[in-house]
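# Results of the structural survey
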Amino acid sequence: MSKILMKGNEAVAEAAIRAGCRLYFAYPITPQSELIEYMAKMMPKVGGTFIQAESEVAAINMVYGAAGVGKRVMTSSSSPGISLKQEGISYMAGAELPAVIVNVQRGGPGLGDIQPAQGDYFQAVKGGGHGDYQLIVLAPCSVQEFADLASDAFDLADKYRNPVMILADGMLGQMMEPVEFKPAKTQEELEALANQHLSWCICPNADGDAKHHHEINSLELDPEILEKHVNKLYEKYAEIEKNEVRYESYNVSDDNEILCVAWGTAARVVKSAINELAVRGKSIGLVRPITCWPYPYEAIASAIGPKVKKVYVFELNSGQMVEDVKIAVNGKVPVDFWGKLGGIVFTPADIQAKLEACF
Amino acid sequence: MTTEMICAGFGGQGVLTIGRFLAQAGMKEGKNVSWLPSYGPEMRGGTANVSTVISDEPIASPIVSYPDLLVALNQPSLDKFGPMVRKDGIIIYNTNMCPRGCKRDDVQLIPVPMNDIANEIGSAIVLNMLAIGIIIGKTGLVKYESIEEVLNSFLREKNPELLEKNLQAIKRGIEIGKQYT
């Protein structure tokens with residue numbers, strides 16, 4: 001298949017449909033509205049269901065219901081809308097429901113603005129909703145990766161029966177890049193997907209057997225049973241931490257004097273600065289977490305070469321990822337941070353100046 | 001080779017399309033491309049700009065600090081982005097809407113009365129195609145044939161008459177651009 005020039009918001013929607021998503025419920029918000037628009041246009045064409053819900057809260061609860069019947073379902077929003085969905089996300093984590101949630105982040109807190117930001121890292125990675133749970137959090141840095149991760153997100157959600165969040169930003173949503181899609185799932189594959197959850201999901205009781213009675217619930221009033229349930233969730237999370245850590249190493253070598261850590265589109269700006277400084281003989285590496293949870297702690301620790309004097313974190317927030325980097329670095333070298341706020345995106349020149357000052 | 005470019009003007013002048021068509025043509029030629037529009041609470045008559053990168057290498061940052069090429073369709077755009085252009089870079093600007101011009105002497109200036117020429121061709125809306133032509137004529141960033149293919153896919157069926165005018169504007173732009181090589 002040839003490449004298509006597409007906005008990130010549209011590419012992730014197309015990739016989700018190809019991955020077998022036939023149910024999508026959302027409420028519009030800038031800068032992700034092209035995503036909902038694309039779904040509104042395409043879902044009827046593939047026999048799917050699109051509903052523009054009356055609110056984000058309604059949309060996430062529709063997702064809860066659809067996930068409960070074992071279907072591939074997605075919702076999307078931008079930062080303030082994602083905040084509204086947190087209750088439903090916590091319920092889904094508790095009820096072990098697979099679903100994909102896309103957050104095209106904008107500036108915050110509050111209504112903030114509509115420019116690109118990464119201020120929802122804590123919310124996505126450390127909680128957001130109440131209770132002990134984890135989301136799998138995927139952070140794309142290009143339109144192609146945005147599309148690729150959409151299909152991976154559904155696979156991960158199904159594999160672990162857990163909600164997966166794709167944490168993008170307004171820049172990735174709005175920009176166009178060439179994208180090549182995986183082939184759409186065939187009818188047989190779609191049927192296989194529909195059947196994979198029959199052991200637990202709400203499904204037609206074809207043979208009238210009462211054993212088919214399944215219950216989807218996140219309420220458990222018996223503390224002993226609830227504790228057991230949460231422990232089981234954490235066994236699952238340990239499994240995810242063991243199997244699903246993803247990251248990109250860029251220019252990492254024993255010659256590195258600085259190691260950068262950045263995620264999402266911010267990492268691309270850092271790459272440009274690294275390339276520019278490499279020409280001047282300065283060796284700088286970058287580790288880009290692709291899974292913000294599970295976090296690539298070991299990858300960062302092992303990327304600290306013998307000459308590295310500092311680990312430098314760059315984010316479009318106030319330094320929310322720094323504590324994870326510090327856990328990874330574990331005091332081996334100093335960890336520094338620089339970022340921009342309010343939806344302002346740093347430029348390669350900004351990062352270059354910060355890095356040059358380290359030499 | 002990597003070309004980093006900013007196109008800027010009033011909303012409605014078609015600046016986003018300049019970047020988009022060039023990116024699409026570049027993609028058809030097998031190059032890496034990125035297209036990053038300004039977006040915000042803006043309206044017709046407000047300002048708009050787009051950063052476009054066309055490269056033989058994978059593109060790191062889609063954000064451009066120092067463009068190799070600036071297309072400014074009005075004075076506020078020229079004032080804002082003119083100082084950012086790399087030394088020895090190129091600034092193409094619309095003299096009809098840039099009365100103060102540009103004072104830089106370390107870049108190549110290509111001043112063109114774009115509104116006048118677009119009106120001569122018969123429609124103010126081909127102004128952005130004229131700009132694409134000037135870029136191609138000056139830099140050879142993409143081939144004329146690639147742009148023609150992109151335009152065909154957009155307009156051949158929808159509006160063949162406008163397609164002809166657009167192609168005419170691009171060809172005229174190429175002639176102008178070539179005068180500066």
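None of the values given here were measured: they were computed from a predicted structure.

## Some remarks on the sheet that holds strand S11 (residues 284–289) of chain A
All names here are of chain A. Pairing is mixed across the open sheet formed by 5 strands, whose spatial order is S9-S11-S10-S13-S14. The open sheet has two free edges, formed respectively by strand S9 (247–250) and strand S14 (335–339), since each of these has just one partner strand. Mean inter-strand twist for the sheet, computed between neighbouring axes without regard to direction, equals 20 degrees. One ladder, built from 5 bridges, connects strand S13 (residues 310–315) with S14; its direction is parallel. Along S14, the bridge assignment pairs glutamate 315 with glycine 339. Against the sheet, helix H11 (residues 265–279) engages S9, strand S10 (258–261), S11 and S13, with an angle of about 165 degrees to S11.

## Focus: the interface of chain B and chain A
The interface of chain B with chain A comprises 17 residues on the first partner and 20 residues on the second. If you list the elements that add at least two residues to the side of chain B that touches chain A, you get helix H1 (15–28) and strand S2 (32–37) of chain B. Ranked by residues supplied to the side of chain B that touches chain A, first place goes to S2 of chain B with 5 residues. When its residues are assigned to classes, the side of chain B that touches chain A shows 11 nonpolar, 5 polar and 1 charged.

## Side note on the domain arrangement of chain A
All names here are of chain A. Looking at the assigned domains, one finds that chain A contains domain 1 (4–195) and domain 2 (248–356). Tallying the contact residues gives 25 residues for domain 1 and 21 residues for domain 2. Looking at the side of domain 1 that touches domain 2, the elements that each hand over two or more residues are helix H6 (121–126), strand S6 (136–138), strand S7 (163–169) and helix H8 (170–174). Considering every element that reaches the side of domain 1 that touches domain 2, the biggest residue donor is H6, with 4 residues.

## Things to note about the nonpolar core
Core analysis: the biggest nonpolar cluster contains 166 residues, and Val12, Val100, Val137, Ile166, Cys260 and Val270 of chain A have the highest contact counts within it. Once residues lying within four places of it in the same chain are set aside, the contact partners of valine 137 of chain A are Ala124, Val125, Met165, Leu167, Thr291, Cys292 and Trp293 of chain A.

## Thoughts on the packing of helix H1 (residues 8–18) of chain A against helix H7 (residues 143–160) of chain A
Residues and elements named next belong to chain A. Taken N-terminus to C-terminus, the directions of H1 and H7 make an angle of 30 degrees; their axes are 8 Å apart at the nearest point. By the angle between their axes, H1 is roughly parallel relative to H7. The chirality of how H1 crosses H7 is right-handed. Every residue of H7 that contacts H1 at Gly8, Ala11, Val12, Glu14, Ala15, Ala16 and Arg18 is listed here: Val143, Phe146, Ala147, Ala150 and Ser151.

## What about the pairing of strand S2 (residues 23–26) of chain A?
All names here are of chain A. Here S2 shows a buried face lined by Leu23 and Phe25 and a second buried face lined by Tyr24 and Ala26. Two elements, S2 and strand S3 (residues 49–52), share 4 bridges in a ladder whose sense is parallel. Counted as the bridge partner of phenylalanine 25 is isoleucine 51 from S3. Crossover connection from S2 via helix H2 (residues 33–42) to parallel S3: handedness right-handed. Pairing of S2 with strand S4 (residues 73–77) involves 2 bridges; the strand directions are parallel.

## Quick notes on the packing of helix H3 (residues 114–121) of chain B against helix H4 (residues 127–139) of chain B
Residues and elements named next belong to chain B. Running from amino to carboxyl end, H3 crosses H4 at an angle of 110 degrees, the nearest separation of the two axes being 9 Å. The orientation of H3 with respect to H4, classified from their angle, is roughly perpendicular. Between H3 and H4 the crossing geometry is right-handed. Across the interface between the two elements, Met114, Asn115, Ile117 and Ala118 of H3 pack against Leu127, Leu130 and Ala131 of H4.

Conventions and cut-offs
- Residue numbering note: each chain is counted from 1, following its sequence as written.
- Here the convention is simple: chains get letters from A, ligands get numbers from 1, in the order in which they are written.
- This being a predicted model, a pLDDT of at least 70 is required before a residue's local features are given, and a value of 80 or more before pairs of side-chain atoms are given or counted; all residues contribute to the totals for chains, interfaces and linings.
- For two strands to count as paired, DSSP must find a minimum of two bridges between them.
- Strands are runs of DSSP state E lasting at least 2 residues, helices are runs of H or I lasting at least 4, and numbering of each runs from the N terminus.
- Between N-to-C directions, angles span 0 to 180 degrees; the directions come from axes that are lines fitted to C-alpha atoms, helices contributing only their stretch in contact.
- Here the contact rule is simple: place C-beta atoms from the backbone, and any two residues whose C-beta atoms are within 7 Å are in contact.
- Residue polarity is assigned by list, with Asp, Glu, Lys and Arg as charged and Ala, Val, Leu, Ile, Met, Phe, Trp, Tyr, Cys and Pro as nonpolar; anything else, Gly included, falls into the polar class.
- Note: domain ranges come from an automatic or database domain assignment.
- The nonpolar core criterion groups buried Ala, Val, Leu, Ile, Met, Phe, Trp, Tyr and Cys residues into a set whenever they are joined through C-beta atoms within 7 Å.
- Any residue with 12 or fewer other C-beta atoms within 10 Å of its own C-beta is exposed, any with 20 or more is buried, and the rest are partly exposed; the C-beta atoms used are placed from the backbone.
- Working definition: roughly parallel below 35 degrees, roughly antiparallel above 145 degrees, roughly perpendicular at 65 to 115 degrees, and oblique for all remaining angles.
- Crossing handedness follows the turn of the near helix against the far one: under a right angle anticlockwise gives a left-handed crossing, and clockwise gives a right-handed one.
- Handedness is read with the strands pointing away from the viewer; a crossover is right-handed when the path from the first strand over the helix to the second is clockwise.

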